[in-house]
Amino acid sequence: MAIVNATDQNFSQEVEQGGTVLVDFWAPWCGPCKMIAPVLEQIDGEVGSKLKIVKVNVDDNPDSAGRFGVMSIPTLIVFKDGQPVDKVIGFQPKEALMATVGKHL
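Here is what the cut-offs are and how they apply
- Within every chain, residues take consecutive numbers counted from 1 along the sequence as written.
- Note on the predicted model: pLDDT of at least 70 is required for a residue's local features to be given, and 80 or more for side-chain atom pairs to be given and counted; whole-chain, interface and lining totals, by contrast, use all residues.
- Excluded from the side-chain calculation are hydrogens and water; included are all heavy atoms of the structure.
- UniProt positions are given in the numbering used here, feature names are shortened, and annotations may be inferred rather than shown by experiment.
- Only protein chains enter the area calculation, which uses a 1.4 Å probe; residues under 20% of their type maximum are buried, those over 50% are exposed, and those in between are partly exposed.
- Segments assigned H or I by DSSP are reported as helices when at least four residues long, segments assigned E as strands when at least two residues long, and all are numbered from the N terminus.
- The criterion for strand pairing is that DSSP finds at least two bridges linking the strands in question.
- Throughout, right-handed denotes a crossover for which the path from the first strand over the helix to the second runs clockwise when the strands point away from the viewer.
- Arc, as used here, means the arc of the directions from the helix axis to the C-beta atoms.
- The contact criterion used throughout is that any non-hydrogen atoms of two residues lie within 4.5 Å.

An unreviewed UniProt entry lists the protein under the name Thioredoxin, from Brevibacillus parabrevis. Turning to the protein, the UniProt record has this under Sequence similarities (unreviewed entry): "Belongs to the thioredoxin family."

Here we look at the pairing of strand 2 (residues 20–26)
Counted residue by residue, strand 2 has 7 buried out of 7 residues, so it is predominantly covered. The sheet contact formed by strand 2 and strand 3 (residues 51–57) spans 7 bridges and is parallel. Considered in strand 3, the bridge of Phe25 is made with Val56. On the question of chirality, the crossover connecting strand 2 to the parallel strand 3 by way of helix 2 (residues 31–47) is right-handed. Where strand 2 lies against strand 4 (residues 75–80), 6 bridges are found, and the strand directions are antiparallel. Bridge assignment links Phe25 to a residue of strand 4, and that residue is Thr75.

Regarding helix 4 (residues 94–102)
For an α-helix, 3.6 residues make a turn, and residues three or four places apart therefore share a direction. Every buried residue of helix 4 is listed here: Leu97, Thr100 and Val101. Down the axis of helix 4, the buried side of the element spans an arc of 95 degrees, and every buried residue falls inside it. The secondary structure elements touched by the buried residues of helix 4 are strand 2, helix 2, strand 3, strand 4 and strand 5 (83–89).

Pasting the structure below:
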């Protein structure tokens, strides 16, 4: 499944339709955000059939970021059936992210 870009307007429909969703709150000027992007691409390639990955640019979509208390980026939140179940802040290597996400697949 391709990585989806969500906005404040479509955030709910992208995240709350069931299943496991990994939301990446990021910004274009954020160095660690740029570092984690290829990691997310790799994860999508490996488990994209079981996991939806959604990216939210916090500069353009402050309501979604505020709703989930995002204070630092990148913040990655795992949603299961529309509810946040796990949160990771800062750059994570692929193995660490897979361990966090894997608990919810």
